[in-house]
Amino acid sequence: MSQTYVRHERGQLNTLSYRCYIKNAQTNQLVSPFHDIPLFADQANQVFNAVIEIPRWSNAKMEINKKERLNPITQDVKSNKLRFVNNCFPHHGYIWNYGALPQTWEDPNVKDETTGCNGDNDPLDVCEIGSRVHERGSVVQVKVLGALGLIDEGEADWKIICIDVNDPLAAKLNDINDVEAHCPGLLEATRDWFKIYKIPTGKPANNFAENGKFYDRQFALKQIDHDYNLWLNVAKGGYEQAPEKKKGLSLDNTSLEFSRLSADEASKVVSEASEEFNPQPAELDRVPIDTVHYIDRSKY
């Protein structure tokens, strides 16, 4: 994990009680991974912070909880059941470290020019393609390489392709074309994964901007800047006259000028949200994790 941020777990894995909060390791202060962690780790060199929600090869669909105070990482829930992604042959779970860029927001009230769809109400997603499997709650410094314009159930859901700056391959990867040169097959596998991953649940195949084109680094940087400004707008009071447009976002944080909580208030939020961490994961039905689905790509 990054030396700057450490995770602070509560509840029990594989249950609705699980919460992964983030602390500043130097101050021991609770922070929101959505609002407090800066987008840039090194702006002059365009190095970004990426919050890892889901380690590579795992199946639990974890995400920054936008609605809960201090925005812990929690497991997504549907019909009161924990969500797991299915294994679609030849993929197993998530095929990269998957996470989000802090201080970005795909505003559901704004139409994305490239996809023609409104934003999905989430921070920008990242696929970190380095060789290391990062822990949930890690804050990784990354180099941006490109982007894929996923259209997920009618919403714009951009995927930023990036790599840990400390990865052995990082020096060789500077733009999206370098990925195919040094990691042949990874981009095609990434497009395939996002296209079919919901099919085992009865959903249709996903679509993409420009038939699944991978956009270059400069495009990705512009998309990040765009979504940073959308976050900044709502964070600084945008939609105050129309709060329903915030879609239930919690803006609580511990370091910024807006919606700031004191250390005592932040500790109270955590203690009230979930019990002390139980390091023993609860038993779960392993069917979605162990089952392999074979998808006939010719139908999609």
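Up top is the structure.
The following refers to the structure shown. (Residues numbered from 1 in each chain as written. Predicted model: local features only at pLDDT ≥ 70, side-chain atom pairs only at ≥ 80, totals over all residues. Heavy atoms only, no water.)

### Some words on the overall build of the protein
Basically, it comes down to this: The helix count covers DSSP runs of H or I at least four residues long, the strand count covers runs of E at least two residues long, and both are numbered beginning at the N terminus. We compute the radius of gyration over the C-alpha atoms and compare it with the globule rule, which gives 2.2 Å times the number of residues raised to the power 0.38. With a 1.4 Å probe rolled over the protein chains alone, any residue whose accessible area is under 20% of its type maximum counts as buried; one over 50% counts as exposed, and the rest are partly exposed. Contacts are assigned to residue pairs with any non-hydrogen atoms lying within 4.5 Å of each other. The protein chains shown are the only cover counted for residues, whose accessible areas, like all others here, come from Shrake-Rupley with a 1.4 Å probe. We treat Lys and Arg as the positive residues and Asp and Glu as the negative residues; His and chain ends play no part in the count. Just so you know, the charge point we use is NZ for Lys, CZ for Arg, CG for Asp and CD for Glu.
Across its full length, the protein carries five helices and 17 strands. Scaling as 2.2 N^0.38, a compact globule of 300 residues should have a C-alpha radius of gyration of about 19 Å, and the protein matches this with 19 Å. In terms of its C-alpha atoms, the protein occupies a principal-axis envelope of roughly 55 × 45 × 40 Å. With 300 residues in all, the protein has 55% of them scored as buried. Long-range pairs, those at least 24 residues apart, make up 69% of the contacts in the protein between residues at least 6 apart in sequence. Put simply, the protein shows about 13800 Å² of open surface, and 46% of that area lies on carbon and sulfur atoms. Averaging the locations of the 34 positively and 44 negatively charged side chains of the protein gives two centres separated by 2 Å.

### Describing the nonpolar core
Selection rule: Nine residue types can take part in a nonpolar core, namely buried Ala, Val, Leu, Ile, Met, Phe, Trp, Tyr and Cys, and a core is a set of them joined through side-chain atoms within 4.5 Å.
Among the nonpolar cores identified, the biggest contains 50 residues, and Trp-96, Ile-129, Val-179, Trp-193 and Phe-194 are the most heavily contacted of them. Leaving out residues up to four positions away in the same chain, Trp-96 has contacts with Ile-54, Pro-55, Arg-56, Cys-127, Glu-128, Ile-129, Leu-186, Thr-190, Trp-193 and Phe-194.

### Considering the side chain of Gln-223
With respect to the helices and strands, Gln-223 occurs in helix H3 (residues 217-235). Here Gln-223 falls in the buried class, since its relative accessible area comes to 7%. Ignoring sequence-local partners within four residues, the contact set of Gln-223 consists of Asp-112, Leu-124 and Trp-158.

### Thoughts on the packing of aromatic side chains
For any pair of aromatic rings, the description consists of the separation of the ring centres together with the inter-plane angle of the planes. This is how the line gets drawn: Pairing of aromatic rings covers Phe, Tyr and Trp, the last through its six-membered ring, and needs centres within 6.5 Å; plane angles under 30 degrees mean stacked, over 60 mean edge-to-face, and all others mean tilted. A ring has a charge above it when a Lys NZ or an Arg CZ is no more than 6 Å from the ring centre and no more than 35 degrees off the ring normal.
On inspection of all chains with the given rule, the structure shows 18 aromatic pairs. Taking the centre distance of 5.3 Å and the plane angle of 40° together, the rings of Tyr-94 and Tyr-98 count as tilted. There is no split in this pair, since Tyr-94 and Tyr-98 are both buried. Taken together, a centroid distance of 6.3 Å and an interplanar angle of 90° make the contact between Phe-194 and Tyr-197 edge-to-face. For the pair Phe-194 and Tyr-197, one class covers both residues: buried. Sitting above the plane of the Trp-57 ring, Arg-56 keeps its charged end 5.7 Å from the centroid.

### Examining unusual backbone geometry
Of note, the bond from Phe-89 into Pro-90 is cis; its omega dihedral lies within 30 degrees of zero at 5°. Structurally, the position occupied by Pro-90 is in the loop between strand S10 (87-88) and strand S11 (97-100). Although it is not a glycine, Asn-28 sits at a positive phi angle of roughly 60°. Within the fold, Asn-28 resides in the loop between strand S2 (19-24) and strand S3 (29-31). Despite not being glycine, Asn-211 shows a phi value in the positive range, around 55°. Tracing the backbone shows Asn-211 in the loop between strand S15 (207-208) and strand S16 (214-215).

### Things to note about H3
Heads up, the condition is: The span you would expect from a helix comes to 1.5 Å times its residue count less one.
The end-to-end C-alpha distance of H3 is 26 Å, a good match for the 27 Å that 19 residues give at a rise of 1.5 Å each. Within H3, burial applies to Arg-217, Ala-220, Leu-221, Gln-223, Ile-224, Asp-227, Leu-230, Trp-231, Val-234 and Ala-235. Against the buried residues of H3 lie strand S5 (47-54), strand S13 (139-152), strand S14 (155-164) and S16.

### Description of the pairing of S11
Put simply, the rule is: Pairs of strands are assigned from DSSP output, requiring at least two bridges between the strands.
Here S11 shows a buried face lined by Asn-97 and Gly-99 and a second buried face lined by Tyr-98 and Ala-100. By the bridge criterion, three bridges tie S5 to S11 in an arrangement that is antiparallel. Following the sheet pairing, Ile-52 is matched in S11 by Gly-99.

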